[in-house]
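Notes for the structure review
So the chains spell out like this:
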Amino acid sequence: MEHVIVHTDSDGMPTAVLSRGREWAVGAEPVRWFERVNWWETSRRMPKGSSGVDVEVLQVQVRLGNNSRSALTTMHLQRDGLGGGWRLREPVAGAA
């Protein structure tokens, strides 16, 4: 999974996603949920002091740059439990 940078507003809501040198502006309210993960598939030991079983996921509707007329594209972002950053779950369709 590709690491991305998520810019947020003062309330912690995502406003933009930086991916592969491109800035994607969030164009709709994000949807957030938590999923169970099989920590043993990515690590030999559960990280000390971390639950390790739930991961935060964001679904964001974004458009390339600040063009309000460009089509919205869906990104699924997964919280990186180690550093607190975000990862893009799959490549963005039509984002050539």
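Residues numbered from 1 in each chain as written. Predicted model: local features only at pLDDT ≥ 70, side-chain atom pairs only at ≥ 80, totals over all residues. Heavy atoms only, no water.

**Observations concerning the nonpolar core**
Across soluble globular proteins, nonpolar side chains have a tendency to be buried as a group. Which entries qualify depends on this criterion: Grouping buried Ala, Val, Leu, Ile, Met, Phe, Trp, Tyr and Cys residues that are joined through side-chain atoms within 4.5 Å yields what is termed a nonpolar core. Accessibility here uses a 1.4 Å probe with only protein chains present; expressed as a share of the type maximum, an area under 20% marks a residue as buried, one over 50% as exposed, and anything in between as partly exposed. Comment: elements are numbered from the N terminus, with helices defined as DSSP H or I runs of at least four residues and strands as E runs of at least two.
The biggest cluster of nonpolar side chains holds twelve residues, and these are Val4, Val6, Val17, Trp24, Val26, Leu58, Val60, Val62, Met75, Leu77, Trp86 and Leu88. Top element by residues in this core is strand 5 (residues 54-64). It accounts for three residues.

**With respect to the environment of Arg63**
Here is the rule we go by: The contact definition used throughout considers only heavy atoms, calling two residues in contact when any of these lie within 4.5 Å. Pairs of N or O atoms within 3.5 Å make up the polar contacts considered here, provided that, within protein, one atom can donate a hydrogen while the other can accept it, and that residues adjacent in sequence are counted only when both atoms are side-chain atoms.
Structurally, Arg63 can be placed in strand 5. Assessed through its relative accessible area of 18%, Arg63 is described here as buried. Linking Arg63 and Val26, residues 37 residues apart in sequence, is a C-alpha distance of 6.6 Å. Sequence-distant contacts of Arg63, that is, excluding residues within four places in its chain, are made with Glu23, Trp24, Ala25, Gly27, Ser68, Ser70, Ala71 and Leu72. A polar contact of 3.2 Å, which involves the side chain of Arg63, links it to the backbone oxygen of Ser70.

**Quick notes on the environment of Leu64**
Following the sequence through the fold, Leu64 ends up in strand 5. The class of Leu64 is partly exposed, set by a relative accessible area of 37%. C-alpha of Leu64 to C-alpha of Trp24: the two residues are 40 residues apart in sequence and 4.5 Å apart in space. Excluding its chain neighbours within four sequence positions, the residues that come into contact with Leu64 are Arg22, Glu23, Trp24 and Ser70.

**Some remarks on the pattern of salt bridges**
Counted only if it meets this: Salt bridges, as used here, are contacts in which a Lys or Arg side-chain nitrogen is within 4 Å of a carboxyl oxygen on Asp or Glu.
Counting across every chain of the model gives six salt bridges. With a closest N to O distance of 3.2 Å, Arg32 and Glu56 form a salt bridge. Taken together, the positions of Arg32 in strand 4 (residues 31-36) and Glu56 in strand 5 put the pair 24 residues apart, joining distant regions of the chain. Arg32 gets classed as exposed once you look at its relative accessible area, which sits at 53%. Look at Glu56 and you get buried, because its relative accessible area is 15%. Across the salt bridge formed by Arg79 and Glu56, the nearest N and O atoms sit 3.2 Å from each other. Linking Arg79 in strand 6 (residues 73-79) with Glu56 in strand 5, this pair joins segments that are 23 residues apart in sequence. The partly exposed category is assigned to Arg79, whose relative accessible area is 29%. Taken together, the shared-partner salt bridges connect Arg32, Glu56 and Arg79 into one network.

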